[in-house]
Amino acid sequence: MAELKIENVNKSFGETHILKGINLDIPDGEFVILVGPSGCGKSTLLNCVAGLEEVTSGAIRLGDKDMTRVAPKDRDIAMVFQSYALYPNMNVYKNIAFGLEIRKMPKAEIQAEVSRVAKLLQIEHMLDRKPSQLSGGQRQRVAMGRALARRPQIYLFDEPLSNLDAKLRVEMRTEMKKLHQRLATTIVYVTHDQIEAMTLADRIAVMKDGIVQQFGTPQEVYDDPANIFVAGFMGSPSMNFLECEVSRVDDGFAVEVVSEAQSYLLPVDPNQADLSGYEGKRVILGIRPEQITHVMPHVAEQPFVTKVTVKIEVVEPTGADTLVLARINDQECECRVHPTESGQPGEMMDMLFNMSKAVFFDPKTEDRL
Amino acid sequence: MAKMSERRYSEITGRAVLYGILIIVAAYYLVPLLIMIMTSFRSMDEIRMGQLIELPRSFTLDAWHQAWNQVQIGARDELGLRPYFINSIKMVIPAVAISTILGALNGYVLSFWKFRGSELFFAALLLGCFLPFQAILLPQSQLLGWLGLTGSISGLVLTHVVYGVSFTTLFFRNYYVNLPGELIKAAKLDGAGFWMIFFRIILPLSSPILVVTVIWQFTQIWNDFLFGVVFSDPSSQPVTVGLNNMVNSTTGETRYNVDMAGAIIAALPTILVYVLAGKYFVRGLTAGSVKG
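Residues numbered from 1 in each chain as written. Chains lettered and ligands numbered in written order. Predicted model: local features only at pLDDT ≥ 70, side-chain atom pairs only at ≥ 80, totals over all residues.

### Observations concerning the overall build of chain A
When its secondary structure is counted, chain A shows nine helices and 20 strands. The principal-axis extent of the C-alpha atoms belonging to chain A is close to 75 × 45 × 35 Å. By residue count, 42% of the 369 residues in chain A fall in the buried class. Restricting to contacts in chain A with at least 6 residues of sequence separation, those with at least 24 account for 66%. (Helix = DSSP H or I, 4+ residues; strand = E, 2+ residues; numbered from the N terminus. Buried ≥ 20, exposed ≤ 12 C-beta atoms within 10 Å, placed from the backbone. Contact = placed C-beta atoms within 7 Å.)

This is the structure we're talking about:
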């Protein structure tokens, strides 16, 4: 176990610049998730940490050791791959024992270690099966077993759950979290699934175009996104972005929204943003669907809450909530209401806009204000 | 009702035509072999009295004995095809083994350990597949002369290995590029090195393509005549050359039965290899085309 430091790492393949100055400090025992759309460089970064790709510049430190030019096998790192990469010619026992054999561990110790891991992951009964005789979830467990057996300093996971069906994925997600709580080892985990990132991580690094856009706890990334990209990527259904004009009201600022030819001024919480430089200019209002709800008396009395009448365009029931698509400022806007409160498409409906968690972005730089 | 039976009949007719054509084609290939086998068991008297293509009236292994170790071939002391057959075996086993191992290693490197210029290297190797035998006769004999291997079995082995490596590399490389690269990454992280990954992981997964390569190389090298006749001296000539000499160096009447028996002896090992491993050959050829 050790802390992992990624210092100003750059990686290019020929002319293509994949990683552009990545800096991440991951303390011992933390579960860090690299998340981003495909092609953002998250898997490349993971491969660089593992030593499977050489960094073009920068350094990778594990504890107090510089691992930048160290061969993968000497980095004391274990990795679980998306395809699991189990050795098809070996049975489960051999798959788990392979790394230990190479490291010349005595036979008896190997046996003890394999049975410890097998017990931990509940795969004891399939030790003499070949990978081809296992289901996806079982292969996943074996791949994790192979990583666990070596007791490395850190674990790397490259989209380990993306080949499983939806139900199994949720199950394995919970197990992964339990496992981390029990082992308390450093984990770097790559995924493109923001729900996986939110549920599993101690901290999330959101990446785009080879740059870390934001590195923070799931709640920070969700509530305090650094820019439009992070705000839109995290959360499902994603945040609404409404371009609107800033105007001054008695003791602060407000943004103007128009619904069905009716104009409303939504007051801006000064704790969320200082819009003093933007009076009369346009900004992008970011507001999550759950901040726009049907009328509830206890919410209506809170500060920074405004009632807006919208016209329902589309209704999407999800069971727990119903998503209502409306048109605000001539842009689509999703609202989250209780299933029994939702109207029908074409009907008018009163919505409460709660601005206490709203965020604002500069329309040009797309950065947070 | 009438319509249905009509359709049934047309289907049956289609099948019948199909099978008819297949039987004719199969016969076209099998009848010559059958005649060879039958003739090899007939006596010369019988052939002389009757026709060349005829069912045998008696059964004798005489022609086989003759061809194997009694007939005088050229001016050598040892009789029959036997010494040539032994030469072929001495040539084919090391040549197949070495070219297959080299091909597997080349394919492994070209798929998983790419280096600067490895694509160019592969392209250059591929060019070797298109080189006609005749084109390398002169430079190869010069090379064998320099190495002091002229007229030896080792010289033949070297020639076949060099010529065959292009093909074996192509086979293995195309098989290995379909193996997931993550397998190699996982093994590297497990601490395995170049050779360990090759022997413990890649080679055990190679059986289908190993079979294809061995059959291909075995057939090519065993059946080769040109290299055999150019790069050998009488003590190292392979069985193809021996058969040719036997058939062409006899004086007097053509002994069809002995010639046929000799031809079958020369062809027997390749037939045997196909019978034993043909199933895997087809399987290996299609391996990788369908993801399992």
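### Description of the pairing of strand β9 (residues 203-208) of chain A
All names here are of chain A. Across four bridges, strand β3 (residues 31-35) lies against β9 in parallel orientation. Within β9, the position partnered with leucine 34 by the bridge is alanine 205. With five bridges joining them, β9 and strand β10 (residues 211-216) adopt antiparallel strand pairing. Bridge pairing in β10 places alanine 205 opposite phenylalanine 215. The antiparallel hairpin formed by β9 and β10 contains two residues in its connecting segment, where aspartate 209 sits at a positive phi of about 50 degrees. (Pairing = 2+ DSSP bridges.)

### As for the domain arrangement of chain B
Residue and element names in this part refer to chain B. We note that the domain assignment places domain 1 (2-63) and domain 2 (70-286) within chain B. Summarising the inter-unit geometry, the C-alpha centres of domain 1 and domain 2 are found 33 Å apart. In this complex, domain 1 contributes 10 residues to the contact, which on the side of domain 2 involves eight residues. Where the side of domain 1 that touches domain 2 is concerned, the elements lending two or more residues are α1 (2-40) and α2 (44-49). Considering every element that reaches the side of domain 1 that touches domain 2, the biggest residue donor is α1, with four residues. Split into classes, the residues belonging to the side of domain 1 that touches domain 2 amount to six nonpolar, three polar and one charged. (Domains from an automatic or database assignment. Nonpolar A, V, L, I, M, F, W, Y, C, P; charged D, E, K, R; others polar.)

### A few points about the sheet that holds strand β2 (residues 16-26) of chain A
All names here are of chain A. The four strands are arranged β2-β1-β4-β5 in an open sheet whose pairing can be described as antiparallel. Lying at the two open borders of the sheet, with one neighbouring strand each, are β2 and β5 (65-66). Across five bridges, the pairing between strand β1 (residues 4-13) and strand β4 (residues 57-62) is antiparallel. When the bridges of β4 are listed, lysine 5 appears paired with arginine 61.

### Describing the sheet that holds strand β8 (residues 186-191) of chain A
To summarise the sheet geometry, strands pair through backbone hydrogen bonds and adopt either a parallel or an antiparallel arrangement. Residue and element names in this part refer to chain A. Read from one edge to the other, the open sheet built from six strands follows the order β6-β7-β8-β3-β9-β10, with strand pairing classed as mixed. Among the strands making up the open sheet, the edge pair consists of β6 (77-80) and β10. When the angles between neighbouring strand axes are averaged without regard to direction, this sheet yields 20 degrees. Of the pairings in the sheet, the one linking strand β7 (residues 154-158) to β8 comprises five bridges and is parallel in character. What sits directly across from aspartate 158, in β8, is valine 190. (Axes fitted to C-alpha atoms, helices over the stretch in contact; angles between N-to-C directions.)

### Section: the domain arrangement of chain A
Residue and element names in this part refer to chain A. With domains assigned, chain A is organised as domain 1 (4-233) and domain 2 (240-361). Spacing between the C-alpha centres of domain 1 and domain 2 amounts to 40 Å. If you look at the interface, domain 1 gives five residues, while domain 2 gives six residues. The residue inventory of the side of domain 1 that touches domain 2, partitioned by class, reads three nonpolar, one polar and one charged.

### Things to note about the confidence of the model for chain B
Residues and elements named next belong to chain B. Mean pLDDT over chain B: 87, with 95% of residues reaching 70 or higher. Taking the mean pLDDT of every element in chain B, the minimum, 81, falls on α2 and the maximum, 95, on helix α4 (residues 82-112). Scored as a complex, the prediction yields pTM 0.80 and ipTM 0.80. (pLDDT = per-residue confidence, 0-100.)

### Structural notes on helix α3 (residues 107-121) of chain A
Residues and elements named next belong to chain A. Between its first and last C-alpha atoms α3 spans 21 Å; for 15 residues at 1.5 Å apiece the expected length is 21 Å, and the two agree. Burial in α3 covers these residues: Ile110, Val114, Val117 and Ala118. On an axial view of α3, the arc spanned by its buried residues comes to 100 degrees, and they lie on one face. In α3, the exposed residues that point more than 90 degrees away from the buried face are Ala108, Glu109, Ala112 and Lys119. Residues of α3 that are buried in the fold lie against α2 (92-102) and α4 (136-149). Just downstream of α3, glutamine 122 is the residue with a positive phi angle, here 55 degrees. (Expected span 1.5 Å × (residues − 1). Arc of directions from axis to C-beta.)

### A closer look at the interface of chain B and chain A
Taken together, the contact between chain B and chain A spans 14 residues of the former and 17 residues of the latter. When contributions to the side of chain B that touches chain A are tallied by element, the ones reaching two or more residues are α8 (181-189) and α9 (194-202) of chain B. In terms of residue class, the side of chain B that touches chain A is built from nine nonpolar, one polar and four charged.

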